[in-house]
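Examining the three-dimensional arrangement
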Amino acid sequence: MKKIDITQKDNSSLARIYEFNGEKDGLILYEQKEVGNLLEATIRISNMNMQQTSRDFKLNMLQVLSECFQFEHTLFWEVADGELNEQPVCFNVETYTIQNYLHEYKYYDPLHPVNMQNQPDIQLMQRNEAISKKKKRYYVERFLQLNDFIDEMVMYLYNQQKPTAAIGFLRKEGEIPFTEQDSQKLSYIKRMIENAYLLHQYVQPSESWQITQREKELLIYLCKGFKNGEIASCLYVSENTVKKHLQNLYRKFKVTSRTQLALKYAESLRA
């Protein structure tokens, strides 16, 4: 396949797309087809419908990443207070796999938000050393391999220096593990994905503010400063149920923390 030298395009954004070739004294080369895929992805992301439903937006984003870069097994998670929403949008990932992950293995995952402090926004499983080798091996052998996966990569999206979403990438048996080049592709379009996601959240229709009676009850206790366990006792539900309600409320109010949620709810009552 023909390669093109993009070092000559100093004034072009294409100069940010690169692959170092040590055999040619650091000459920056990239497959012409890959440049086309990157350009197609930027165009499709910039033209996405920002007013579609949250699920449709996330699924469309994952489809773009699959069709342009062959990322065939992906998940779009919302993140709040360093925790993953328990209902991600999945692309070629089975529901039971997610349930298994959330139930037992998520904190062993080196790429989980709680293990990603002070780590780059885009992480390859193989180079991540956020947790011990023993825990990492346990996660790979007990979760990834038992679900026919061989590798993992993640890209975090940020708002005001806090992670607001994460896109996870998986490779199955028989597929090629993720490489630095895969990470570089994502780094080129990360800011565009981030901005598109934040804009989508901003323009969501006002119906997303509608809350259920149970959510109203939870918000009352939240505004009083109750913790999850205390709220669960008051509402006669499990803490997991409280967490699910909070994740839904974060999404509806477009916030990422308990404090922001309480303030925004109080503002809505005064409006």
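Summarised in this report is the structure supplied together with it. (Residues numbered from 1 in each chain as written. Predicted model: local features only at pLDDT ≥ 70, side-chain atom pairs only at ≥ 80, totals over all residues. Heavy atoms only, no water.)

**Focus on the pattern of salt bridges**
In a structure, side chains of opposite charge can pair up when their charged atoms sit close to one another. By the definition in use, this model includes twelve salt bridges. The shortest N-O distance in the salt bridge between E78 and K58 comes to 2.6 Å. One end of the pair, E78, is in strand 4 (residues 73-80); the other, K58, is in helix 2 (residues 54-69), with 20 residues separating them in the sequence. No difference in accessibility class separates E78 from K58, as the two residues are buried. Residue R171 is joined to D182 by a salt bridge in which the shortest nitrogen-to-oxygen separation is 3.8 Å. Of this pair, R171 sits in strand 9 (residues 162-172) while D182 sits in helix 5 (residues 180-202); the two residues are eleven residues apart in sequence, bridging distant segments of the chain. Here R171 matches D182 in class, with each residue buried. (Salt bridge = Lys/Arg side-chain N within 4 Å of Asp/Glu carboxyl O. Helix = DSSP H or I, 4+ residues; strand = E, 2+ residues; numbered from the N terminus. Buried < 20%, exposed > 50% of the residue type's maximum accessible area, 1.4 Å probe, protein only.)

**What about the pairing of strand 9?**
Counting buried residues along strand 9, eight of its eleven residues qualify, which places the element largely inside the surrounding structure. In this structure, strand 4 lies alongside strand 9, joined through six bridges in antiparallel fashion. Bridge pairing links F76 to I167 in strand 9. Sheet analysis places strand 8 (residues 149-159) next to strand 9, joined by ten bridges and oriented antiparallel. Bridge pairing in strand 9 places M153 opposite F169. (Pairing = 2+ DSSP bridges.)

**Considerations on the packing of aromatic side chains**
For the coordinates displayed, the defined rule picks out 14 aromatic pairs. Their ring planes at 45 degrees and their centres at 5.8 Å tell us that W77 and Y101 sit as a pair that is tilted. Linking W77 in strand 4 with Y101 in helix 3 (residues 95-105), this pair joins segments that are 24 residues apart in sequence. Looking at W77, the relative accessible area reads 6%, which means it is buried. Between the NZ or CZ atom of K172 and the centre of the ring of F149, over which it lies, the distance is 4.6 Å. (Phe/Tyr/Trp six-rings, centres within 6.5 Å; stacked < 30°, edge-to-face > 60°. Lys NZ or Arg CZ within 6 Å of the ring centre and 35° of its normal.)

**Some details on the packing of helix 3 against helix 4 (residues 133-144)**
Taken N-terminus to C-terminus, the directions of helix 3 and helix 4 make an angle of 145 degrees; their axes are 11 Å apart at the nearest point. Here helix 3 and helix 4 pass one another in a crossing that is right-handed. Judged by residue contacts, T97, N100, Y101, E104 and Y105 of helix 3 engage Y138, Y139, R142 and F143 from helix 4. The residue makeup of the contact of helix 3 with helix 4, split by class, is five nonpolar, two polar and two charged. (Axes fitted to C-alpha atoms, helices over the stretch in contact; angles between N-to-C directions. Left-handed = near helix turned anticlockwise from the far one by under 90°. Contact = heavy atoms within 4.5 Å. Nonpolar A, V, L, I, M, F, W, Y, C, P; charged D, E, K, R; others polar.)

**Things to note about unusual backbone geometry**
Despite not being glycine, Q70 shows a phi value in the positive range, around 60 degrees. Backbone geometry at D148 places phi at a positive 65 degrees, although glycine is not the residue there. Along the polypeptide, D148 turns up in the loop between helix 4 and strand 8. Given a relative accessible area of 44%, D148 falls into the partly exposed group.

**With respect to the environment of E173**
Relative to the assigned elements, E173 resides in the loop between strand 9 and helix 5. Taking the C-alpha atoms as reference points, E173 and L144, separated by 29 residues in sequence, lie 10.0 Å from one another.

**So, the nonpolar core**
Looking at soluble globular proteins, one finds that nonpolar side chains tend to be buried together. Counting residues in hydrophobic clusters, the biggest one holds 31 residues, and the most contacted among them are M61, L65, F76, I167, F169 and I193. Contributions of two or more residues to this core are made by helix 1 (32-46), helix 2, strand 6 (89-91), strand 7 (122-124), strand 8, strand 9 and helix 5. Apart from the residues lying within four places of it in its own chain, the contact partners of I167 are M61, L62, L65, L75, F76, M153, V154, M155 and I193. One finds I98, Y105, L111 and M125 within the second-largest nonpolar core, a separate group that totals 21 residues. (Core = buried A, V, L, I, M, F, W, Y, C linked by side-chain atoms within 4.5 Å.)

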